Amino acid sequence: WKIYRYSNFSHNTLVVNNQLHNVDCFAPLTHFSSDSPMPHAIIKMDDVFKGQLAHASRGAAMLDNNRALIQDEWQASDSPAAVRWGMVAPASIEILSPSTARISQNGKTLMVHVLAPREIQLRIYPTDPPAEWDEPNPNTAMLGFEINLQPHEEICLAVIFSPGESNTPPAPAIKPLAEWSQPLP
């Protein structure tokens, strides 16, 4: 689990307080819909972050115009939490503004827009493994940002992925994950 490529440090997920995920747990799928206009799935990740966050859920949805939405809801526990949101790309990443980036590969472009209730700063993180015995990860980089939560603070944020560069439709209204669909039985 401490091999860089296998851990949450090098994947499209969260890192809380620079800690590994709890792997002896279960993260259930709580909501699912294959219906238009927003097919989606929501996963409850509370046990994955036990001792790190009081609550964590992630929703993934397909939107109009071939766009995708990743929405996260977190709540800090009794202690502050430094949460890093990240995604790895084997492509060129360009930061266009604090909350917008362009990912390019083989003549194709993906725009990344972060919608957060407070200012964030997108960053490019290296994907070089920290240990000598880990294999290198050539031609990859991680796009992400960090948010510091105070004890018991809650936050909801969304990241929208739009193919191409032109005619990006306006961002959808962000509503709580619990309102996306009915819970699974």
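Structure shown above.
The notes below deal with the structure included here. (Residues numbered from 1 in each chain as written. Predicted model: local features only at pLDDT ≥ 70, side-chain atom pairs only at ≥ 80, totals over all residues. Heavy atoms only, no water.)

This part is about the side chain of N137. Within the secondary structure, N137 sits in the loop between strand 10 (123-125) and strand 11 (141-149). One polar contact links the side chain of N137 to the main-chain carbonyl oxygen of T127, over a distance of 2.8 Å. Among all residues touching N137, those that are not within four sequence positions of it are Y4, R5, T127 and P129. (Helix = DSSP H or I, 4+ residues; strand = E, 2+ residues; numbered from the N terminus. Polar contact = N/O pair within 3.5 Å; in protein donor to acceptor, adjacent residues only side chain to side chain. Contact = heavy atoms within 4.5 Å.)

Moving on: a nonpolar patch on the surface. Together, I3, Y6 and W133 make up a nonpolar patch on the protein surface, roughly 380 Å² of accessible area in all. Among the structural elements, W133 can be located in the loop between strand 10 and strand 11. For W133, a relative accessible area of 57% gives the class exposed. (Patch = residues over 30% accessible without salt bridge, like charges linked within 9 Å, V, L, I, M, F, W, Y side chains within 5 Å. Areas by Shrake-Rupley, 256 points an atom, 1.4 Å probe, with all protein chains shown as cover. Salt bridge = Lys/Arg side-chain N within 4 Å of Asp/Glu carboxyl O. Buried < 20%, exposed > 50% of the residue type's maximum accessible area, 1.4 Å probe, protein only.)

As for its placement among the helices and strands, Q52 is situated in the loop between strand 3 (40-44) and strand 4 (53-62). Polar contacts involving the side chain of Q52 include one to the side chain of Q19, which spans 3.3 Å. Residue contacts for Q52: discarding those within four places in its chain leaves V16, N17, Q19, L20, N22, S77 and A81.

Left-over empty space is what a probe sized like a water molecule reveals as it rolls over the atoms. Counted as a void, the largest pocket has a volume near 180 Å³. Lining the largest pocket are 13 residues, with M38, L63, A173, K175 and W180 positioned closest to its centre. (1 Å grid on protein atoms, 1.4 Å probe; cavity = no way out; pocket = protein on both sides within 12 Å on 5 of 7 lines; lining within 4 Å. Points joined across faces, edges and corners; volume = space filled by probe spheres on them.)

Take the environment of S181 next. Mapped onto the elements, S181 comes out in the segment after strand 12 (154-163). Residue S181 is classed as buried on the basis of its relative accessible area of 16%. Other than its neighbours up to four places away in sequence, S181 contacts H31, F32 and H40.

Taken in spatial order, the 4 strands make up an open sheet running 1-6-11-10, and their pairing is antiparallel. Edge positions in the sheet fall to strand 1 (14-16) and strand 10, since each has one partner strand and no second. The sheet shows a mean angle of 35 degrees between the axes of neighbouring strands, taken without regard to direction. The sheet contact formed by strand 10 and strand 11 spans 3 bridges and is antiparallel. Paired with R123 across the strands is G144, a residue of strand 11. (Pairing = 2+ DSSP bridges. Axes fitted to C-alpha atoms, helices over the stretch in contact; angles between N-to-C directions.)

Take unusual backbone geometry next. The omega torsion of the bond from S36 to P37 falls at 10 degrees, within 30 degrees of zero and hence cis. On the secondary structure map, P37 appears in the loop between strand 2 (29-33) and strand 3. In this model, N139 sits at a positive phi of 60 degrees, which is unusual for a non-glycine residue. Mapped onto the elements of the fold, N139 is located in the loop between strand 10 and strand 11. Take N139: its relative accessible area is 70%, and that puts it in the exposed class. Its identity is not glycine, yet H152 carries a phi of approximately 70 degrees, on the positive side. Here H152 lies in the loop between strand 11 and strand 12.

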